[in-house]
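Examining the three-dimensional arrangement
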Amino acid sequence: MKVVIIGASFAGVAAALEVRKKQSDAEIMLLDKQSTLGYIPNGLHLYWENKIDDLESAYFITKEQLGKQGIRYCLEASVEKIHTVHKTVDYLRHGQEVKIAYDKLIIATGSSQLSQKISGSSGESVLKYKRHHEAQAALAKMEASQSVTIIGAGQVGVEAADLLSQQKKKVTLIESMDYVLFKYFDRDMIQPLQQKMVEQGIKLRLNQTVSSITTDADKQVTVRFGNEAITSDTAILGVNVRPDLHFLDEHIQLHMDQTIAVDRYMRTSVEDVFAVGDCIQLTFGEDDDTVYIPLVNNAVRTGIVAAANLIQPERTFKGSLRTIGTSILGYYIASTGVTEAESLFTGQTVKAYRQEVRLTSLPDADTVTIKWLYDAASHVLLGAQMISTSNILEKINTVALAIQTKQTLEDLQQKDYFFHPSFTQMISATNVVSWLEARDDGNEN
């Protein structure tokens, strides 16, 4: 069996490794238009944080590791067209047209930072650094810049604002919503971080929609929004990513947002063609409706599921909870499941419960603020958000598992956790017991 995988980032590599595990005699070929393999998309942030010495260290897998698995790869291969009737893929490599046949095809092309609504956003002066070559160019440009305008206050934009302000650069962050990180947090939970950003000197321009970006002869970049404009040495585009699927043929069905429609087995509308990662929608929360959630954790899991179903449907995808965790400006923040703000659109009666919990039994113990979202009638947990100055990030994974297995608040109170006074409180932070701390059931909306 010959398995061709288009895209060699997280989803494609995960699919390749899982195919090898299940099909020892399969011929596996990874195609990728990049010249490098396995680059970590936020590698530039790791460099700015001094966690790696150079961008060459920002890789999650090597060619040697793939080689040991008997997985072939072809880099600088730009796929031009797939022909699902004849089961072939056309690609260009170094100016040469190549055609490759497949028995099974997995589309894992990932996504890029694009905006069709902002004029000039695709220009070279607007930095994007998801790819290795983009990061190299951005690194040189940023080192020569004293001022930067960041468009989009999602995770990438907020992290970049923090790291660049630490380098004493003049940072302006523009966001169309009225607070930062709105996809993952309710306003009340993220306010401490947002206030810290202002204290750090980051200029927040919220409720602003960018219309255009232009570059003058002196390479100064002007970002326009409403009747205002900001000129800086450079600009970073941190808006939503989108997939590039120009090579599909007419037999592959798409959603209205031009992502590929797949079922829970990651099968497309065409037999023997699968799609994974950032080019598909996923189920989220309690509903069967699908939404676009481009995260690495989703990419890896969908790649594994597609590989498991190549021969016959065996394993369904369990859905996404949009779980994230990061550290910004001294705060550790994490989120999973629905927020209180978006719960208004679920048709479900959702209650919120916020508490502050000491992390250990020691006198100088730090605390974590947790916001729980749960179904008002059944008490089934639906979401959680955390913020602390201590590293509580792993706790969000416990909560995500609780949501995935439909645990109630009462179930969580019964979860068995170890106790040690140096590391825990008498009740774990994720036991959801309210009698030690104040509770707040107020609805911010």
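Before any of the text, the structure's been laid out above.
Residues numbered from 1 in each chain as written. Predicted model: local features only at pLDDT ≥ 70, side-chain atom pairs only at ≥ 80, totals over all residues. Heavy atoms only, no water.

Some words on the packing of aromatic side chains
All chains considered together, the criterion is met by three aromatic pairs. Centroid distance Tyr39 to Tyr59: 5.7 Å. Interplanar angle 70°. Geometry classified as edge-to-face. Here the residue Tyr39 occupies a position in the loop between β2 (27–31) and α2 (43–48), and Tyr59 occupies one in the loop between α2 and α3 (63–68), the gap between them amounting to 20 residues. Note on Tyr39: relative accessible area 7%, which makes it buried. Positioned above the aromatic ring of Tyr292 is the side chain of Arg242, whose terminal nitrogen or guanidinium carbon lies 4.6 Å from the ring centre. (Phe/Tyr/Trp six-rings, centres within 6.5 Å; stacked < 30°, edge-to-face > 60°. Helix = DSSP H or I, 4+ residues; strand = E, 2+ residues; numbered from the N terminus. Buried < 20%, exposed > 50% of the residue type's maximum accessible area, 1.4 Å probe, protein only. Lys NZ or Arg CZ within 6 Å of the ring centre and 35° of its normal.)

As for unusual backbone geometry
Of note in the backbone geometry, Asn50 takes a positive phi value of approximately 60° without being a glycine. By the secondary structure assignment, Asn50 is in the loop between α2 and α3. What makes Asn50 exposed here is its relative accessible area of 70%.

Some points on helix α6 (residues 187–199)
Taking 1.5 Å of rise per residue, 13 residues should cover 18 Å, and α6 covers 18 Å from first to last C-alpha, within 8% of that figure. Along its length, α6 shows its largest kink, about 25°, at Leu193. Within α6, burial applies to Met189, Ile190, Leu193, Gln194 and Met197. Backbone geometry just downstream of α6 places Gly201 in the positive-phi region, at approximately 100°. (Expected span 1.5 Å × (residues − 1). Bend = angle between axes of the 7 residues up to and from the residue.)

Re the sheet that holds strand β15 (residues 228–232)
Pairing within the open sheet is antiparallel, and its three strands lie in the order β13-β14-β15. Taken across any chain shown, the strands that pair with only one partner, and hence form the sheet edges, are β13 (210–215) and β15. Looking at each pair of strands side by side, their axes are set apart by 20° on average, direction ignored. Pairing analysis gives five bridges linking β13 to strand β14 (residues 221–225), with the strands arranged antiparallel. Bridge pairing links Val210 to Phe225 in β14. (Pairing = 2+ DSSP bridges. Axes fitted to C-alpha atoms, helices over the stretch in contact; angles between N-to-C directions.)

Considering the pairing of strand β5 (residues 88–93)
Of the strand pairs in this sheet, strand β4 (residues 78–83) and β5 are connected by five bridges, and their pairing is antiparallel. In the strand pairing of β5, Ile82 is matched with Val89. The turn linking β4 back onto β5 is made up of four residues, and Lys87 within it adopts a positive phi angle of 60°. With six bridges joining them, β5 and strand β6 (residues 96–101) adopt antiparallel strand pairing. Along β6, the bridge assignment pairs Leu92 with Glu97. With antiparallel pairing between neighbouring strands as the criterion, β5 and β6 make up a hairpin whose turn holds two residues, including His94 at a positive phi of roughly 55°.

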